[in-house]
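Given next are the chains, with one letter for each unit.
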Amino acid sequence: MHIYTCVLVCVDASKPLGSVCFAFATCLISFFFLRYQSAFLFRGNIANVPEVGIEAKFLPSCRAGCRTGTRKRDSVWKMPSRKFADGEVVMGRWPGSVLYYEVQVTSYDDVAHLYTVKYKDGTELALKESDIRSQSSFKHRKSQSSSSSPSRRSSSRSRSRSPGRPAKGRRRSASQSREQKDDKKKTIQETSLALPQKLKPDLEIKHVLEQYSLRSRKDEKKKEEIYSEKKTFVAVKPIEKVSTKTKELEFGGRIGTFMLILFLPATVFYLLLTCKQDDPSLLNFPPLPALESLWDGRVFAIFLLWFFLQAAFYFLPVGKVVEGLPLSSGRKLQYRINGFYAFILTAAIIGVLLYFQFELHYLYDHLMQFAVSAAAFSLALSIYLYVRSLKAPEEELAPGGNSGYFIYDFFTGHELNPRIGSFDLKYFCELRPGLIGWVVINLAMLLAEMKIYNLSVPSLSMILVNSFQLLYVVDALWNEEAVLTTMDITHDGFGFMLAFGDLVWVPFVYSLQAFYLVGHPTTITWPVAAGITVLNCIGYYIFRSANSQKNNFRRNPADPKLANLKFIPTATGKGLLVTGWWGFVRHPNYLGDIIMALAWSLPCGFNHILPYFYVIYFICLLVHREARDEHHCKQKYGLAWERYCQRVPYRIFPYIY
């Protein structure tokens, strides 16, 4: 381009000789520009290629280089507000590559000026208008000469002759033969794109993402040597997406979320009041207490002290710092993994308080006031989170909480990862104050039972409930890093749903069995206790091994320990496990969770259904979450998810559901 500018400056086009020189220079430079532009396009690597089964087309180099339009002097070129209509079939460029694919326009964002398009495999992406072309602009590429100068061009050459094919009568060189072999390899690879049915039945294609890389012959030779020595998995760079408005509303939309904001606190208070009655039947509605008895300033101060004590433990410079999964912008947040240390320090403080005769059963006597204090704090926190989210950048908003409706975004969470400096509010509330508080409440119920019934040791039922749930909490804190790959962290925003769930629902509803046993003691035999223990161990084994399998594969798919696992490759570069627990059912961790929930309720006997509220609620929760996962994964993985569902037909319960 510098040479082209010099010619324009030096040649006077107004004179006849200048016109001839100008035309000749223009043709010569255009020829070199088009030739080397084409060579450049086919030399670079192509990343993030979509899944097999989609026919790819290259934009002809002449159109890519010359399609610039005419610009008038002293005027401004105004682009139309929208060029492509909804439902129109166009060609969309895959991000990070020069490949164009047939897509269908589904919607257009007037604010971000982005088109939402859907590929044939079901993948949906947001593309700029410059990355979309009409189908008429694509033509089948015609072969061109491989000559390096016009003087070497053969005038009798056939139009169908490819750049690597020599003219008739010309001897083919060794380098040209190699180029022809490389072209054949590329042709085979492109053909495989249109033939997904010829994939291996067991789908053991760990290098399917590598076969679309167009590299130089030396790089390809080195790669083949590496693969011959050791198989590796190469993750594709995450696709950068821009957060757009939430279109599909969950939880019943605006009306449903408004009702949940009222229904969830009422449910907690109803369960706690019913549990204290002599007849804790669900149909025996408890009398409403006086409003002034529900609030205690001292209780609220203790709750604030508890919350900020756990926040102080969060800042302790102990434990490793890890990175979370990539956000839509490609950025990774850092997290301090020290939840287990916070639990140890909390246990030490509780031990000191008990040593100095602090009455921990105070929690049992004022459990309703603590629940009201936690609910009030979670509501205030939710209001703060929504107000601060109004100033958050678009790319930091939650994909499921950006609907534009106040009630819905307030409930689901408008901002994905709200932080105050390095203090991540959602990550902190997910495990610390509520989960550790659950164990403290259970311990208070155990001590209250011993004091009320003048026992030297707790009942066997209380010991089982405390032991099972303590194991669950310690496991969650020990494997704290695993929470970074959950839907709560990666997809859901931090709003009333998670704030109330973490600070109120978890500690006060999950401890319902222990609270029930204080007022309604249940005696069980040792054989029954042994059977319940075995059931809990089975559930815990399924839960922990399935989660570990998934988390290890997400973190490092090339881990030699996971060499026996098979997976289905997807267009996003991730793999869907089809062996191990994840080849048994689609959500084996949910299955283990439900089995453990049943084991926690069985020590309470069968006199009332109230202790089984947790397992009933948990089944409903996990079935609903599984439906959300299915919808989300189908949009994200497209055709690969359909193949996975065919391979693993059962969702949670094998041969049932």
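The shown structure was predicted, so the numbers you read here are calculated from the model rather than taken from an experiment. (Residues numbered from 1 in each chain as written. Predicted model: local features only at pLDDT ≥ 70, side-chain atom pairs only at ≥ 80, totals over all residues. Heavy atoms only, no water.)

### A few points about the overall build of the protein chain
Consideration 1: A tally of helices and strands in the protein chain yields 21 helices and 12 strands.
Consideration 2: For the protein chain, the residues scored as buried account for 45% of the 657 residues in total.
Consideration 3: In the protein chain, the share of contacts with a sequence separation of at least 24, taken over all contacts with a separation of at least 6, comes to 72%.
Consideration 4: Carbon and sulfur atoms make up 61% of the accessible area of the protein chain, which totals about 35,500 Å². (Helix = DSSP H or I, 4+ residues; strand = E, 2+ residues; numbered from the N terminus. Buried < 20%, exposed > 50% of the residue type's maximum accessible area, 1.4 Å probe, protein only. Contact = heavy atoms within 4.5 Å. Areas by Shrake-Rupley, 256 points an atom, 1.4 Å probe, with all protein chains shown as cover.)

### A word on the nonpolar core
Consideration 1: Membership of the largest hydrophobic core comes to 108 residues, with the highest contact counts inside it found for Met445, Phe508 and Tyr510.
Consideration 2: It is helix H13 (residues 425-452) that contributes the most residues to this core, 16 residues altogether.
Consideration 3: Grouped together as the second largest cluster of nonpolar side chains are 17 residues, Phe553, Ala640, Trp641 and Val648 included. (Core = buried A, V, L, I, M, F, W, Y, C linked by side-chain atoms within 4.5 Å.)

### So, the environment of glycine 539
Consideration 1: Here glycine 539 is to be found in helix H18 (residues 526-555).
Consideration 2: Of the residues examined, glycine 539 reaches a relative accessible area of 0% and is grouped as buried.
Consideration 3: A sequence separation of 56 residues divides glycine 539 from isoleucine 595, and the C-alpha atoms of the two residues are 4.9 Å apart.
Consideration 4: Setting aside chain neighbours within four positions, we find glycine 539 in contact with Gly592, Ile595 and Met596.

### Details of unusual backbone geometry
Consideration 1: Of note in the backbone geometry, phenylalanine 251 takes a positive phi value of approximately 60 degrees without being a glycine.
Consideration 2: Positionally, phenylalanine 251 belongs in the loop between helix H5 (217-229) and helix H6 (253-275).
Consideration 3: A positive phi angle, close to 65 degrees, is found at glutamine 357, a residue other than glycine.
Consideration 4: By the element assignment, glutamine 357 lies in the loop between helix H9 (339-355) and helix H10 (362-365).

### Focus: the pairing of strand S5 (residues 124-127)
Consideration 1: Residues Leu125 and Leu127 of S5 are buried on one face, while the alternating residues Glu124 and Ala126, pointing to the opposite face, are not.
Consideration 2: Examined bridge by bridge, strand S4 (residues 114-119) and S5 share four bridges and lie antiparallel to one another. By the bridge assignment, lysine 118 is partnered in S5 with glutamate 124.
Consideration 3: Hairpin connection, S4 to S5: the antiparallel pair is bridged by four residues, and glycine 122 has positive phi, about 95 degrees. (Pairing = 2+ DSSP bridges.)

### Considering the packing of H6 against helix H11 (residues 367-389)
Consideration 1: Where H6 meets H11, the axes come as close as 10 Å, and the angle between the chain directions of the two elements is 175 degrees. Relative to H11, the element H6 lies roughly antiparallel. The segment H6 lies against H11, with Phe269, Leu272 and Leu273 engaging Leu367, Met368, Ala371, Val372 and Ala375.
Consideration 2: Here the contact of H6 with H11 is built from residues that sort into eight nonpolar, no polar and no charged. (Axes fitted to C-alpha atoms, helices over the stretch in contact; angles between N-to-C directions. Parallel < 35°, antiparallel > 145°, perpendicular 65-115°, else oblique. Nonpolar A, V, L, I, M, F, W, Y, C, P; charged D, E, K, R; others polar.)

### Let's talk about helix H17 (residues 512-519)
Consideration 1: With seven of its eight residues buried, H17 lies for the most part within the structure.
Consideration 2: Every buried residue of H17 is accounted for by Leu512, Gln513, Ala514, Phe515, Tyr516, Leu517 and Val518.

### Remarks on the packing of aromatic side chains
Consideration 1: Applying the stated criterion to the full structure yields 45 aromatic pairs.
Consideration 2: A ring pair is formed by phenylalanine 303 and phenylalanine 377, whose centres lie 5.5 Å apart and whose planes are at 65 degrees; its orientation type is edge-to-face. Here phenylalanine 377 lies in helix H11 and phenylalanine 303 lies in helix H8 (residues 297-314), a separation of 74 residues in the sequence.
Consideration 3: Owing to a relative accessible area of 9%, phenylalanine 303 belongs among the buried residues under this scheme.
Consideration 4: Overall, the relative accessible area of 13% leaves phenylalanine 377 in the buried class.
Consideration 5: Here the aromatic rings of phenylalanine 307 and phenylalanine 377 are separated by 4.7 Å at their centres, their planes lie at 55 degrees, and the arrangement is tilted. You can see phenylalanine 307 sitting in helix H8 and its partner phenylalanine 377 sitting in helix H11, a full 70 residues away along the chain.
Consideration 6: Within the aromatic cluster, the residues linked to one another by ring pairs are Phe303, Phe307, Phe308, Tyr314, Phe315, Tyr335, Phe377, Phe423, Tyr427 and Phe428.
Consideration 7: The aromatic ring of tyrosine 364 is capped on one face by lysine 276, whose charged end is 5.0 Å from the ring centroid.
Consideration 8: Over the ring of tyrosine 335 we find arginine 419, and its NZ or CZ is 4.9 Å from the ring centre. (Phe/Tyr/Trp six-rings, centres within 6.5 Å; stacked < 30°, edge-to-face > 60°. Lys NZ or Arg CZ within 6 Å of the ring centre and 35° of its normal.)

### Focus on a nonpolar patch on the surface
Consideration 1: On the surface, a cluster of nonpolar side chains totalling about 430 Å² of accessible area is made up of Ile255, Phe258, Met259 and Leu262.
Consideration 2: Its location among the elements puts phenylalanine 258 in helix H6.
Consideration 3: The class of phenylalanine 258 is partly exposed, set by a relative accessible area of 40%. (Patch = residues over 30% accessible without salt bridge, like charges linked within 9 Å, V, L, I, M, F, W, Y side chains within 5 Å. Salt bridge = Lys/Arg side-chain N within 4 Å of Asp/Glu carboxyl O.)

### What about the pairing of strand S2 (residues 89-93)?
Consideration 1: For S2 and strand S3 (residues 99-109), the ladder comprises five bridges, and the chain directions are antiparallel. Bridged to valine 89 within S3 is glutamine 104.
Consideration 2: Pairing of S2 with strand S6 (residues 132-133) involves two bridges; the strand directions are antiparallel. Residue glycine 92 lies in a different strand from S6, and its bridge partner there is isoleucine 132.

### Quick notes on the side chain of glutamine 369
Consideration 1: Within the secondary structure, glutamine 369 is located in helix H11.
Consideration 2: Ignoring anything within four residues of it in the chain, the contact list for glutamine 369 reads Ser293, Leu294, Trp295, Asp296 and Val299.

### Here we look at the pattern of salt bridges
Consideration 1: The tally for this structure, following the rule as stated, stands at 11 salt bridges.
Consideration 2: For glutamate 481, the salt bridge identified is with lysine 320, shortest N-O distance 3.0 Å. Taken as a pair, glutamate 481 in the loop between helix H14 (460-478) and helix H15 (487-490) and lysine 320 in the loop between H8 and strand S7 (321-323) lie far apart in primary sequence, 161 residues in all.
Consideration 3: Glutamate 481 sits in the partly exposed class, given a relative accessible area of 23%.
Consideration 4: Close ionic contact of aspartate 424 with arginine 419 constitutes a salt bridge, the shortest N to O distance being 2.9 Å. The burial state of aspartate 424 is the same as that of arginine 419; both residues are buried.
Consideration 5: It is possible to trace a salt-bridge network through shared partners that takes in Glu250, Asp492 and Arg628.

### Examining the packing of H18 against helix H19 (residues 588-601)
Consideration 1: Axis separation between H18 and H19 bottoms out at 8 Å; the angle between their running directions is 155 degrees. Considering their axes alone, H18 and H19 lie roughly antiparallel with respect to each other. The hand of the H18/H19 crossing is left-handed. Contacts between H18 and H19 involve Ile532, Leu535, Asn536, Gly539, Tyr540, Ile542, Phe543, Ala546, Asn547 and Lys550 on the former and, on the latter, Pro588, Asn589, Gly592, Asp593, Ile595, Met596, Leu598, Ala599 and Trp600.
Consideration 2: Its residues placed into classes, the contact of H18 with H19 shows 12 nonpolar, five polar and two charged. (Left-handed = near helix turned anticlockwise from the far one by under 90°.)

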